Amino acid sequence: MSGRNTVQREIIEGELRRLANHPTADEVYEAVRAGHPSIGKATVYRTLGRLSEEGEIGRVRINNGADRFDHRAFSHYHVRCTCCGRVDDVMIPLLGDDVNEAAARASGYVISGHTLQFDGVCPACQMAEKNEEALTA
């Protein structure tokens, strides 16, 4: 591992891997603080940023929401629940370079990559909605 604060870095990365649920930086900080109250919020934010820049973890940029962090660093897609905000992995084949080339032709941009976020209702929220409907019926 590179960078300063190797012990703190290991603790922060360990908490992210333990959470394994695409937490926000605040959620990682709260988990870290529970076991290591001397590690500050700025350290957690800075370390998450550095880990994502170095490709050790993934950063999931959420439309109209806080960035999430992913213990999985390889390229894959995500789905966000429009009810509760939960974020999950979507393990489907990635769109290839042809989609980047098509976007470049259509826009005139030099495309360096793409992200894809699916939006929907998670299974837990679907179940809660069904249970609520059953109670009111």
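In this report, we go over the structure that sits alongside the text. Bear in mind that the values here come from a model prediction, so they are computed numbers and not experimental data.

**Things to note about the environment of I12**
Argument step 1. Note that I12 resides in helix 1 (residues 6-19).
Argument step 2. Here I12 falls in the buried class, since its relative accessible area comes to 0%.
Argument step 3. Along the chain, I12 and R68 lie 56 residues apart, while their C-alpha atoms are 14 Å from each other.
Argument step 4. Sequence-distant contacts of I12, that is, excluding residues within four places in its chain, are made with V28, V32, I39, T43, V44, T47 and L48.

**Some points on the sheet that holds strand 4 (residues 87-90)**
Argument step 1. Strands sit in the order 4-3-5 across an open sheet of three strands; the sheet is mixed. The two strands at the open ends of the sheet, each matched to only one other strand, are strand 4 and strand 5 (117-120). Across the sheet, the mean angle separating the axes of adjacent strands is 30 degrees when strand polarity is ignored.
Argument step 2. Direction of pairing for strand 3 (residues 77-81) relative to strand 5: parallel, over a ladder of four bridges. Each bridged residue has a counterpart across the sheet, and for C81 the counterpart in strand 5 is G120.

**Some remarks on the pairing of strand 3**
Argument step 1. In terms of burial, strand 3 is a largely internal element, four of the five residues being buried.
Argument step 2. Summarising the sheet, strand 3 and strand 4 pair through four bridges and their orientation is antiparallel. Along strand 4, the bridge assignment pairs V79 with D88.
Argument step 3. Connecting strand 3 to the next strand, strand 4, in antiparallel fashion are five residues, including G85 with a positive phi near 85 degrees.

**Thoughts on unusual backbone geometry**
Argument step 1. We note that H22 has phi near 60 degrees; this positive angle belongs to a residue other than glycine.
Argument step 2. Note on placement: H22 falls in the loop between helix 1 and helix 2 (25-35).
Argument step 3. With a relative accessible area of 4%, H22 lands in the buried category.
Argument step 4. Unlike most non-glycine residues, N64 shows phi in positive territory, near 55 degrees.

Scoring rules and cut-offs
- Residues numbered from 1 in each chain as written.
- Predicted model: local features only at pLDDT ≥ 70, side-chain atom pairs only at ≥ 80, totals over all residues.
- Heavy atoms only, no water.
- Helix = DSSP H or I, 4+ residues; strand = E, 2+ residues; numbered from the N terminus.
- Buried < 20%, exposed > 50% of the residue type's maximum accessible area, 1.4 Å probe, protein only.
- Contact = heavy atoms within 4.5 Å.
- Pairing = 2+ DSSP bridges.
- Axes fitted to C-alpha atoms, helices over the stretch in contact; angles between N-to-C directions.

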